[in-house]
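Understanding the architecture of this molecule
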Amino acid sequence: MGEIIINRRRYQVAKADEEMSLLRYLRARLGLTGTKNGCEEGVCGACTVIVDGAPRRSCRLKVEAVLGREILTIEGVEAEDGRLHPIQEAFVEAGAIQCGFCTPGMILTSYALLSKNLNPTREAIRKALSGNLCRCTGYQQIVDAVELAARKMRDTGFVARTLSKGDTV
Amino acid sequence: MTTGKRESAYRNDAVIKVTGRARYADDHTFPRMAHCVPVYSDFVHAENLSVDTREAARQDGVLKVITAADIPGAVRFGQIERDYPMLAEDRILSHGDVVALVVAETREAALEAARQVRISADPLPPLIDPEEAFRPDAPVIRPGTKNNIVNHHKIRRGDARSALAACDIVIDHTFRTSFVEHAYLEPESAVCVPRPDGVMEVYGSMQHPFTTRRFVAAILGEPLARVEIRTVPVGGGFGGKDDTAAVVCARAALAARLCDRPVKLTYARQWSMRESYKRHPYVLHYRMGLNRDGRVQAVEARIIADAGAYCSTTPWVTWRSAVQCCGPYRVEHVHADVYGVATNNVFTGAFRGFGSPQVNFAVEQLMDMAAEKTGLSPLEIRRINMVTQGAETITGQLLNNHTVSIREVMDTVAEKIGYEEKRARSSRGKGDPENLYGVGLAICYRGASLGAEGMDFCSAVINCQFDGSILLEVGIHENGQGAESAMILTLQEHLGVDRGRITYRQPSTSSIPDGGPTVASRGTLMGCGAVVLAAKKLKKIIAEALADTLGCAPEKVRFQDDAILGEADDQRLSWDEAMRQLFLKRVYPYSFAGFRAPAVTWDEETGQGDAYFTYVYSCQAVEVSVNLKTGRVRLLNVVAAHDIGKAVNRPMLLGQIYGGIAQGMGMALMEKVETEGGVIRNASFRKYRIPKAMDLPEMTALIIENPDPTSPSGAKGIGEPALEIIAPAIANAVYHATGRRMDRLPIRIEKEDA
Ligand code: FES
Ligand code: FES
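A short tour of the structure in this document, coming up.

Some remarks on the interface of chain A and chain B
- Between chain A and chain B, the residue contacts involve 49 residues of the former and 57 residues of the latter.
- Both faces combined, the contact of chain A with chain B buries some 4,200 Å², and carbon together with sulfur accounts for 53% of it.
- Seen at the junction of chain A and chain B, the total is eight salt bridges.
- For Arg122(A), the salt bridge identified is with Glu698(B), shortest N-O distance 2.8 Å.
- Viewed at the interface, chain B and chain A are joined by 29 residue pairs in polar contact (both at pLDDT 80 or more).
- Mapped by element, the contributors of at least two residues to the side of chain A that touches chain B are α1 (22-29), α2 (86-93), α3 (103-116), α4 (122-128) and α5 (140-156) of chain A.

In structure tokens, the structure reads:
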């Protein structure tokens, strides 16, 4: 039986489930429905999760392939005490949310971006987000949100904590 | 006028959406829930359909395989004509038709068994070209009809033929638009639960709970009161989760009723794109006549819209096209015919814009062409012809009950982007062929809400609790646009209370009267209208009950600063105290009010009448660069201005504008549903590309506010105006860059060899 770490918790994976996509495993087996299914063919980015620090499309990953790895889903982004992560706050404040179906994927992609670069240009943000489709917002307020999040993280010294791997955020 | 300055946004559903807690339809599960999948045929057009379900039914885990014969209620339904088979009966009219449903313990088992359903039929030649289908000798597609014409709207004003003959200049041009997919990010999904009390409860990804309820009740053959549609977050709709999504809910309800278990039916992206209706492709033939001074004298138009295999909302969509077929211009002589024509293509229906993006694409280019022919600037020719305060529209409506601001709106955009100066330095096909530059603009007015196409009313309930908290409920559905937040903000303003007191109670179809569909950019207008009226009633109830305590007449009671005040500021009850007093007096601080849209009129024969009770005014301008070697058009800048009456929630308003522009840009430059013999060739996100963050420039949105007297809150709508003129603005910019007229969507530049 393999093991998988999701949002800082360990799960034992039944052999029969190893063949499932990570997306279906998260949603159907663990009830972590914050990760969305927009296409199931690796195009829309709604299913984005973070695997060992990098954004990945969970619909294109077999559970088998992520055994022993550390996974962050949208449910694990807020602090344990329920405080929002600065990226989440920024999405709320910048009006970056409409239907919200792309939002979890957008937040996780932004999370990965800001872990590497806390001072991205708008152009760099657009580039980083180009694998995440949004049909509602025209992206502008999402780019605003990521800029705002970067500023919040710089101002509050959130940097170190998100940069070190395995640390809780 | 105000610009898009940062202002912290308010949304009641923001936190659940950034934490993954929002539960969309597919996120619901129930004990003993079974899974359902649709079965399609390979046919586009066929008769003598027979479906053999025996083998599929024998597969492991299969609970039931359902065909049309199992439907206890109506097989066919629709919003206007009841022609859409929720499961195909004896014939196939399009590649999107569903012939059976497989219900199984797991989705995998259902998918597996679906492959075992045997389908046979006698194929018929598909009719897929709407212009062919329009011909009198064309074979008739829909049984029981005389020809393929779904509807015909007319505008008859003056004498267009003679007027055209007398014009100095006549521009004769044909434009074509294409099939476009809504591409909401969340595919259709429904979970239906047969409740012990006999009611069928539905959690669906749909735009219109009440439309959905009609479909579900129809397929089950049960009364409306025994179907309860619950409100859950929807992952985008844009008009596309109207009948299409209602049918998905109806099928899941059918499976749930027949298996007597909760059933989930969640669409794969490919099914969604195969089956859901699209934006109508139009062929628009215009003859526009004008005098040398630039005054448009007459317009003749013949417009054909491809309705696909079923009626859906085609008559309503094309009605709007007819009303707005001359743009926001005064024209004395108009002879227009707009037809919806049936073909064997996947059907077409509501899509943000609803028949206006297509006519705007033609009209706004015609205006630029006319400018060129008369030697006027595109701004001047628009100024000469545009509607003004008190002017008469082409349907004979006097625009005198609200501020007609199209001039202000256009001038604002033109100045902001520096239109005239940029037009002067546009390339016109000269210069570096890999980097030609152009600026372009388009304007429009849009009739607010449903107009003469529907019954327009909506209600709200305000239910104040004795502890000071407040429940608000409105018959408008949150589609992701922020409708609930707009209504909360409206109530806050009108009651003068702290926002924190207000909880939006997500209505179900059993808790509030039918408020009509959340379409036609009517959510804010109608929903907030009902909230304002309900707040008025509530204040009257409270004022009458507390006037004595406050020592003044009820009319003098004031509501502000989270308190209720008499004439003097020291005669004051905090909101909490006021609610406690009402409890002691045994008075319910509860109100219900309906807002009925002002009357509209229409004459089908002449196409004359007061089509809409008010209008939204818009202008958008863009800068582009065109590379003739690669054929690529890049959008460099967008400036948009819209007079929406009043901004209720500014950041959300801006979001609607940006999002509408992005969708319109997709339609203009990227998106086309490719069909071959009625079969969609790009029914996946891999093949059908929508705009990404990198495809869009930074946009500037300007909000112009002239509070509208016909709207209790002063607000109109923005959802659709934002989308409907970006394509012609881009086409006009491409013309100024290249000197080539783009009369087809999406815009394709023929590559020049290096
Ligand atoms: S669901 Fe995985 S990329 Fe779309
Ligand atoms: S907010 Fe709806 S897809 Fe992005």
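Focus: the layout of surface pockets
- Space inside the second largest pocket adds up to approximately 640 Å³.
- Listed by contribution, the elements that provide at least two residues to the lining of the second largest pocket are α1 of chain A together with β2 (34-40), α3 (107-114), β14 (263-266) and α8 (269-275) of chain B.
- Take the lining of the second largest pocket: its biggest share by element is five residues, from α1(A).
- Tallied by class, residues from the lining of the second largest pocket come to ten nonpolar, nine polar and eleven charged.

Let's talk about unusual backbone geometry
- Look at the link from Leu745(B) to Pro746(B): it is a cis peptide, with omega at -10 degrees.
- Of note, the phi angle at Glu40(A) is positive, near 55 degrees, even though the residue is not glycine.
- The backbone of Arg586(B) shows a phi angle near 55 degrees, a positive value even though the residue is not glycine.
- Along the chain, Arg586(B) turns up in the loop between α16 (575-584) and β25 (590-596).
- In this structure Arg586(B) comes out as exposed when scored by relative accessible area, which is 77%.

Digging into the pairing of strand β7 (residues 98-104) of chain B
All names here are of chain B.
- Extensive coverage of β7 is indicated by the burial of seven of its seven residues.
- Pairing between β2 and β7: six bridges, direction antiparallel. Paired with Val 39 across the two strands is Ala 100, which belongs to β7.
- With four bridges connecting them, strand β4 (residues 62-66) and β7 associate as antiparallel partners. Pairing of Lys 64 across the sheet is with Val 103, part of β7.

Here we look at the environment of Asn344(B)
Residues and elements named next belong to chain B.
- Within the secondary structure, Asn 344 sits in the loop between β17 (333-342) and α10 (356-374).
- Here Asn 344 falls in the buried class, since its relative accessible area comes to 0%.
- Sequence separation between Asn 344 and Val 679 is 335 residues, and the spatial gap between their C-alpha atoms is 9.4 Å.
- Residue contacts for Asn 344: discarding those within four places in its chain leaves Val 44, His 45, Leu 93, Ser 94, Pro 125, Pro 126, Leu 127, Ile 128, Ile 141 and Gly 678.
- Side-chain polar atoms of Asn 344 contact the backbone oxygen of Leu 93, separated by 2.8 Å.

Definitions and limits used
- Residues numbered from 1 in each chain as written.
- Chains lettered and ligands numbered in written order.
- Predicted model: local features only at pLDDT ≥ 70, side-chain atom pairs only at ≥ 80, totals over all residues.
- Heavy atoms only, no water.
- Contact = heavy atoms within 4.5 Å.
- Buried area = accessible area lost by both parts, 1.4 Å probe.
- Salt bridge = Lys/Arg side-chain N within 4 Å of Asp/Glu carboxyl O.
- Polar contact = N/O pair within 3.5 Å; in protein donor to acceptor, adjacent residues only side chain to side chain.
- Helix = DSSP H or I, 4+ residues; strand = E, 2+ residues; numbered from the N terminus.
- 1 Å grid on protein atoms, 1.4 Å probe; cavity = no way out; pocket = protein on both sides within 12 Å on 5 of 7 lines; lining within 4 Å.
- Points joined across faces, edges and corners; volume = space filled by probe spheres on them.
- Nonpolar A, V, L, I, M, F, W, Y, C, P; charged D, E, K, R; others polar.
- Buried < 20%, exposed > 50% of the residue type's maximum accessible area, 1.4 Å probe, protein only.
- Pairing = 2+ DSSP bridges.

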